[in-house]
Amino acid sequence: MPNWFKLAKLLRPPLALGLAFLVAGCPPPAPSRSSPTGGRVATTVTPPPPSPLALSPEPEPLPASPSWRPITGRLVVLDAGHGGNDRGASHFGVREKDVNLDLVKRLALRLENQGITVILTRRQDVFLPLPERSSIANQYPQAIFVSIHCNASTNNPAATGVETFVLSRQADNAARQARAGKRYQVTGGDQALATLLARSRERAPALAQALQNTLATRLGVPNRGVKQADLAVLRETFFCPAILVEVGFISNATTANQMASAAWRGLAAEALAEGIVDYLRKS
Ligand SMILES: [Zn+2]
């Protein structure tokens, strides 16, 4: 069992800062009506006098989920795929890099309005190499990492729907750990580093599922599911759950047309925000 606090203290900032948050930043558990002794209420407790506003004898409802967590101050790294000379997929006059960036900005605004702290890998139409995107995410181990892309199919113009990727199970854990160990000073031994890497991978599928489900439902398009791939941006993001969302097929004429509209991008951003908030509240 690693000593997280000690580990956090030994880390280089800002990584240390991030891990300290993992230890100290965990919000208190949701209010519970159970006593600390396991649910039994002491018989000596005197009930409060009836309130003049208490019109109903029914007790207050319990929190919807005992695992509910506040979202204020939580961290989200958003990555708008492609940019600059790298246009991504381009069909029917719609460029993926533009859709990705606009979506990410809309999503960031929605999350920030709910008290979530958002870090963007790019804010403008600039080229950003994949390793730099992961490096940014690696500075915030307590965050979640969401990369936004548009899908394209060259041989099936009718392909439609949303799909989300997590790192393939086949991705070499030992090699990832070796690279992470070289680049980041995670003192605490290989075991501590391995635990960090494993934990981020364990959490990614739930994050992917949350976004995948809300996006497909809200957009009313086929849910193509959560898939695995050995994508560089996921492989090199070591410490936080990392996913890549393909928000739709830009190679589909109808979808490309929708992507060009602010209304569609607004709806997609709303759905993505809903998925992220849903995940953060449960994790
Ligand atoms: Zn892309």
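This report concerns the structure included in the present document. Keep in mind the model is a prediction, meaning the values are calculated, not measured. (Residues numbered from 1 in each chain as written. Predicted model: local features only at pLDDT ≥ 70, side-chain atom pairs only at ≥ 80, totals over all residues.)

The next point concerns the packing of helix H6 (residues 189-219) against helix H9 (residues 262-282). A pair of packed helices is captured by two measures, namely the crossing angle of their axes and the spacing between those axes. Packing of H6 against H9 brings their axes to within 8 Å, and their N-to-C directions diverge by 145°. As H6 runs across H9, the sense of the crossing is right-handed. Residue-level inspection shows Ala206, Leu207, Ala210, Leu211, Asn213, Thr214, Leu215, Arg218 and Leu219 of H6 in contact with H9, the latter providing Leu267, Ala268, Glu270, Ala271, Leu272, Glu274, Gly275, Ile276, Asp278 and Tyr279. (Axes fitted to C-alpha atoms, helices over the stretch in contact; angles between N-to-C directions. Helix = DSSP H or I, 4+ residues; strand = E, 2+ residues; numbered from the N terminus. Left-handed = near helix turned anticlockwise from the far one by under 90°. Contact = placed C-beta atoms within 7 Å.)

Residues Arg133, Ser134, Ala137 and Asn138 constitute the buried set of helix H4 (residues 130-138). End-on, the buried residues of H4 take up no more than an arc of 140°, which puts them together on one face. Residues of H4 that are buried make contact with strand E1 (75-80), strand E5 (144-151), helix H7 (232-235) and strand E8 (242-249). (Buried ≥ 20, exposed ≤ 12 C-beta atoms within 10 Å, placed from the backbone. Arc of directions from axis to C-beta.)

On to the sheet that holds E8. Across the sheet, 6 strands lie side by side as E4-E1-E5-E8-E6-E7; this open sheet has mixed pairing. Of all the strands in the sheet, the pair left with one neighbour each is strand E4 (117-120) and strand E7 (223-229). Taking the axes of each pair of neighbouring strands and ignoring which way they run, one obtains an average angle of 25° across the sheet. The sheet contact formed by E1 and E4 spans 4 bridges and is parallel. Counterpart to valine 77 in the pairing with E4 is isoleucine 119. Helix-sheet contacts for H6 involve E5, strand E6 (162-167), E7 and E8, and the interaxial angle to E6 is about 175°. (Pairing = 2+ DSSP bridges.)

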